[in-house]
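So you can see what is in the structure, the chains are spelled out below.
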Amino acid sequence: MARARGRRAESESESEDTMSKLGQVVEAVEKHGRFVVDQVKRARSDEKFGRELAERWNKIKAETPITRAPTGLPLPRLALPEIDEPGEIARYLFGDGLPGEFPFLNGAYREMYLEPLQNIDQGSHGNKRSTSTNGAKLQKNGARPQEEPTRLFSGLMLAEDTNRRFHFLSAHQRSKRLSTAFDGLTLYGIDSDAEGVFGKIGEGGVAVDTVEDMVRLYDGFDLGSPEFSASMTISGPAPIIMAMYIAAAKRRFGSGTVPKLRGTIQSDIFKEVQAQNETIFPIEASLRFLCDMIEWTAANMPRWYPVSISGYHIGEAGSTPVQQAAYTLSNGFAYVELLAARGIPVDQFGPRLSFFLDCGLDVEYIALARVSRKIWAIGMRDVFSASPRAQMFKLHTQTSGRSLIAAEFKNNLTRTAAELMLAYMNGTNSCHSNSADEPFTTPSEEWIRLAAHGQAILLEESGIFKHTMNMLSGSPGMKAVERAVEKAILDEFREIESLGGVLAAVENRYQRSQIQSAAHRYEEQIYDGTRPIVGLTRYRNGSDEMPEIELARTPRSKQRLQIERLTKFKKKNADKANRALDNLAQVVDRGENSFPALLEAVEVCSLGQITGRLQEVVGRFRPMV
């Protein structure tokens, strides 16, 4: 009881701190807005300041190269508004910022999707520009290396089946950016040989029980290559799966490859208790294990993102776009508070935080990610004193699964294409496009290729994002949506603060109840006509007949094979497993960082064995209903 009371007191203290910081973020964003207005007034009243801004503006325009579209049309490498009045220049530079500059409204980096500079024309002042860049090197002015933003998502049956799909999808990609979906058993930390779960093995994702499965999963890929990155969609047992990935990399490439590993693991516990319930330990213990992993990886894996703070699942559970962004951002600030409370410098872990939002068809998505970048940057700079690298809201976007409809499902291709356009307008750093057949089954090769091709057509075949950065940003309509979304997100922050902060709001089921209410309104709006759905509530073809779609199922022979492999692994490592589990339990009980002990345990223990022992020490998660 004493330990429970102590943990409760710690939780209340953390809630108070988070509440205070979240309120400070609101004040910082509003203060920044006033600062921009003051700079506009100053530019108009202070002749010297106005002249300096105009000179800087002219210099930016003069140094912007002119490139040519395939048709011969000359285009600036950077799209800037046609303004010359000092006050409007100040409003743009301080309020929006150039791509890659604070407050990052127009992008975390410059030139993210652009082709390397070639066929460069003369600039506006007649100065010849260089004619090429090396896409493998970091470009000037904060530009990122040329890397396809498309993430290739898969997870089916056993590790070798998903590995085969990965090789199929990435065959023609310059960079291998793979994203993995795990089956339900893995998501809950359950072994494939557990009682009563046989039919669930490899269903809806890949079955991973041991480090040997992890080796099979990424066989044939150079995990330490700068051209490779892995993303893993898992939260509850994320530290265990992360340890398995590191162990698999060491088995194949040696311990020297660990600092070279690139990628992210979802691991976001807050969104689980707010929207999904796919967690396995009580929230305090889950946060502790997560922070243990972040602390270790931030110190030892400088290219890895150990948490993807995820609004996507909040959106898929039924939230409004504003709720999704507000809960994601507030969760992010809560993680910063928890890690800072451990004494970890914000500039050590801050650059390793990443974010994950969905992109649907609601009007808010025109500006949702842009506003999120701005709020994060201001909060990190002005409340947490973070450096520019830690101010960047690095974002992965996935098109909306909730928007996919079974009725006349081929329309989903158009829905996804529109969502992709919005995602890239918002400057997402990477993107996954859903497959049209997902209302029925795990995507087939045919439809998943079409989904990936949707991004290739937009980024490579079209010229919309290929020649000029910031191409579709800053219209009057977009600015109007930005203002409305920013205000609505800050209002949500105030509500969470009034409840005592993120942890207290979670315990009171605030986020969950708001998501449920929004989901109910969404469904009502579909059937009262407020939200027309083409092919379902409008323009139906008069038939309710469902198309013939082959369902992806895991053969029983593969499920038996997974159990045979697991049984052999457990038998081979039985003695070592017991010692490793005992050591892990002792480390956790002493309050030490658990991740080094996890790294040792995964070499000889299965996912279910580790989960079971940890639950003996810290207890089980009680789902919120």
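Residues numbered from 1 in each chain as written. Predicted model: local features only at pLDDT ≥ 70, side-chain atom pairs only at ≥ 80, totals over all residues. Heavy atoms only, no water.

A. Local environment of the environment of Ala-418. Mapped onto the elements, Ala-418 comes out in helix H15 (residues 412–425). A sequence separation of 57 residues divides Ala-418 from Leu-361, and the C-alpha atoms of the two residues are 7.5 Å apart. (Helix = DSSP H or I, 4+ residues; strand = E, 2+ residues; numbered from the N terminus.)

B. The side chain of Asp-191, seen in detail. Among the structural elements, Asp-191 can be located in the loop between helix H5 (184–187) and helix H6 (211–217). Polar side-chain contacts of Asp-191 include one of 3.0 Å to the side chain of Lys-570. Looking at Asp-191, its side chain comes within polar contact range of the side chain of Ser-606, at 2.5 Å. Beyond its immediate stretch of four places on either side in the chain, Asp-191 contacts Val-197, Asp-209, Leu-566, Lys-570, Ser-606, Leu-607, Gly-608 and Gln-609. (Polar contact = N/O pair within 3.5 Å; in protein donor to acceptor, adjacent residues only side chain to side chain. Contact = heavy atoms within 4.5 Å.)

C. Looking closely at the pairing of strand E9 (residues 353–359). A large share of E9 lies buried, amounting to seven of its seven residues. Burial along E9 is two-sided: the face carrying Leu-353, Phe-355, Leu-357 and Cys-359 and the face carrying Ser-354, Phe-356 and Asp-358 are both buried. Relative to E9, strand E8 (residues 307–310) runs parallel, the two being bridged by four bridges. In the sheet register, Val-307 faces E9, and the bridge partner there is Leu-353. Where E9 and strand E10 (residues 395–399) come together, five bridges link them in parallel fashion. Counted as the bridge partner of Asp-358 is Gln-398 from E10. (Buried < 20%, exposed > 50% of the residue type's maximum accessible area, 1.4 Å probe, protein only. Pairing = 2+ DSSP bridges.)

D. Up close: empty space enclosed by the protein. Scanning the model with the defined rule gives five cavities of 30 Å³ or more in all. Size it by volume and the largest cavity reaches roughly 220 Å³. Along its surface, the largest cavity is lined by 22 residues, and Asn-106, Tyr-113, Tyr-424, Met-469 and Asn-470 are the ones closest to its centre. Taken together, the elements giving at least two residues each to the lining of the largest cavity come down to helix H13 (368–382) and H15. Partitioning the lining of the largest cavity into residue classes produces 12 nonpolar, six polar and four charged. Roughly 70 Å³ of volume is contained in the second largest cavity. Lining the second largest cavity, in full, are Leu-357, Asp-358, Cys-359, Tyr-365, Leu-368, Ala-369, Leu-395, Thr-397, Leu-422, Ala-423, Asn-426 and Thr-428. Looking at the lining of the second largest cavity element by element, the count peaks at three residues for E9. For the lining of the second largest cavity, the class distribution of residues is eight nonpolar, three polar and one charged. (1 Å grid on protein atoms, 1.4 Å probe; cavity = no way out; pocket = protein on both sides within 12 Å on 5 of 7 lines; lining within 4 Å. Points joined across faces, edges and corners; volume = space filled by probe spheres on them. Nonpolar A, V, L, I, M, F, W, Y, C, P; charged D, E, K, R; others polar.)

E. Expanded view of the pattern of salt bridges. Summed over all chains, the structure comprises 35 salt bridges. For the salt bridge of Asp-46 with Arg-42, the shortest nitrogen-to-oxygen distance reads 3.9 Å. Exposure remark for Asp-46: the relative accessible area of 30% places this residue in the partly exposed category. Glu-295 is the partner of Arg-342 in a salt bridge, and the nearest nitrogen-oxygen pair spans 2.9 Å. One end of the pair, Arg-342, is in the loop between helix H11 (321–341) and helix H12 (346–349); the other, Glu-295, is in helix H9 (residues 283–300), with 47 residues separating them in the sequence. According to the relative accessible area criterion, Arg-342 is partly exposed, its value standing at 32%. Among the residues examined, Glu-295 registers a relative accessible area of 30% and is labelled partly exposed. Through salt bridges that share partners, Glu-30, Lys-487, Asp-491 and Arg-494 make up one connected network. (Salt bridge = Lys/Arg side-chain N within 4 Å of Asp/Glu carboxyl O.)

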